[in-house]
Amino acid sequence: MNTRSLLCSLALLALLPTARAAAPVQQIQATLAKPAVMCGRFDQTKQLTGIKKPLQAYGRFCVLKGRGILWQTLQPFPSTLRITRDAIVQIQDGRVAMKLDAQQEPVVKMINSVLFSLLAGDLSQLDQLFELDGSLRDGHWQVALKARQPALAKAIGDISLAGASYVDKVSMKEASGDRTDISFSAIKTGEGAMTAEEGALFD
């Protein structure tokens, strides 16, 4: 999966309310769980403009509060992304295949900032970076994020999220017309959620 999809995956931690009204950030913030460790499965479908058959992938993700995020694609081919405050690193066959430095890549820095603010339950930056519309009913929410800044809009397009204590689904529509849908399942938190091998990738 590419870096943009990853963001969106991360972006996955936002939520929202019913009727087209301003997003109730405080309510959403209260709804979100904030575990120190969270891992689960993701299933991703990417529909490219002009191509009938969508591209499908699945794998595992882990969020380690204060440290970063692992996004491990298992199919159609193994690949691992590690996202920290300072960089997005792609690991292949145990080696660093690509690294985007947040200090040198403004969009990477912006994306990382969004992800970490979501993980910390701080939605204030979302108000600054996105126009929010959504709904919240019986503990379930959905929200649409529209980037205010052209650079962020170009990088990730429009995002919609849905979930309850955690994000269940993320959809991202790029300016090109390409669309990516990601669903999350089998989420575990606390000790034992992350394997020793996954933990070592944060070192």
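Refer to the preceding data block for the structure.
Nothing here was measured: the structure is a model prediction, and the numbers come from that model.

**A few points about the packing of aromatic side chains**
Okay, step 1: According to the stated counting rule, one finds four aromatic pairs in the structure shown.
Okay, step 2: On the basis of an interplanar angle of 20° and a centroid distance of 4.0 Å, the ring pair of F42 and W71 is categorised as stacked. Here the residue F42 occupies a position in strand β2 (residues 37-47), and W71 occupies one in strand β4 (residues 68-75), the gap between them amounting to 29 residues.
Okay, step 3: Their ring planes at 80° and their centres at 5.1 Å tell us that F61 and F184 sit as a pair that is edge-to-face.

**A short note on the nonpolar core**
Okay, step 1: Among the nonpolar cores identified, the biggest contains 28 residues, and F130 and F184 are the most heavily contacted of them.
Okay, step 2: With four residues, the top contributor of residues to this core is strand β9 (residues 140-147).
Okay, step 3: Membership of the second largest hydrophobic core comes to eight residues, among which are V37, L64, L70 and A193.

**Details of the pairing of strand β3 (residues 55-64)**
Okay, step 1: Of the pairings in the sheet, the one linking β2 to β3 comprises 10 bridges and is antiparallel in character. When the sheet's bridge partners are listed, K46 is paired in β3 with L55.
Okay, step 2: Across seven bridges, the pairing between β3 and β4 is antiparallel. Bridge pairing links R60 to Q72 in β4.
Okay, step 3: Counting the residues between successive antiparallel strands, the hairpin from β3 to β4 contains three residues, one of them, G66, with a positive phi of roughly 80°.

**Observations regarding the pairing of strand β11 (residues 167-173)**
Okay, step 1: Bridge analysis of strand β10 (residues 158-163) against β11 gives six bridges, and the strand direction is antiparallel. Bridged to G163 within β11 is V167.
Okay, step 2: Counted along the chain from β10 to the antiparallel partner β11, the turn is three residues long.
Okay, step 3: Here β11 pairs with strand β12 (residues 179-189) via five bridges, running antiparallel. Pairing of V170 across the sheet is with I182, part of β12.

**Let's talk about the side chain of T180**
Okay, step 1: Its place among the elements puts T180 in strand β12.
Okay, step 2: Residue class for T180 comes out buried when judged on its relative accessible area of 0%.
Okay, step 3: At a separation of 3.2 Å, a polar atom in the side chain of T180 contacts the side chain of K46.

**Observations concerning the environment of A193**
Okay, step 1: On the secondary structure map, A193 appears in the loop between β12 and α6 (196-200).
Okay, step 2: Between the C-alpha atom of A193 and that of C62, which follows or precedes it by 131 residues, the distance is 8.4 Å.

**Points about the environment of Q90**
Okay, step 1: If you trace the backbone, Q90 turns up in strand β6 (residues 87-92).
Okay, step 2: For Q90, a relative accessible area of 18% translates into the label buried.
Okay, step 3: The spacing of Q90 and L100 is 10 residues in sequence and 8.8 Å in space, taken between C-alpha atoms.
Okay, step 4: Here Q90 is in contact with S79, T80, L81, R95, V96, A97 and M98, once residues within four sequence places are set aside.
Okay, step 5: A distance of 3.1 Å separates the side chain of Q90 from the side chain of S79, its partner in a polar contact.

**A closer look at the state of the cysteines**
Okay, step 1: Across all of its chains, the model carries one disulfide by this definition.
Okay, step 2: Each sulfur in the disulfide pair C39 and C62 lies 2.2 Å from the other. Residues C39 and C62 are joined through a disulfide that is right-handed, its torsion about the S-S bond being 115°. Residue C39 is located in strand β2, and its partner C62 is located in strand β3; the two are separated by 23 residues in the primary sequence. Considered together, C39 and C62 belong to a single accessibility category, that of buried residues.

How each quantity is defined
- Residues numbered from 1 in each chain as written.
- Predicted model: local features only at pLDDT ≥ 70, side-chain atom pairs only at ≥ 80, totals over all residues.
- Heavy atoms only, no water.
- Phe/Tyr/Trp six-rings, centres within 6.5 Å; stacked < 30°, edge-to-face > 60°.
- Helix = DSSP H or I, 4+ residues; strand = E, 2+ residues; numbered from the N terminus.
- Core = buried A, V, L, I, M, F, W, Y, C linked by side-chain atoms within 4.5 Å.
- Buried < 20%, exposed > 50% of the residue type's maximum accessible area, 1.4 Å probe, protein only.
- Pairing = 2+ DSSP bridges.
- Polar contact = N/O pair within 3.5 Å; in protein donor to acceptor, adjacent residues only side chain to side chain.
- Contact = heavy atoms within 4.5 Å.
- Disulfide = S-S within 2.5 Å.

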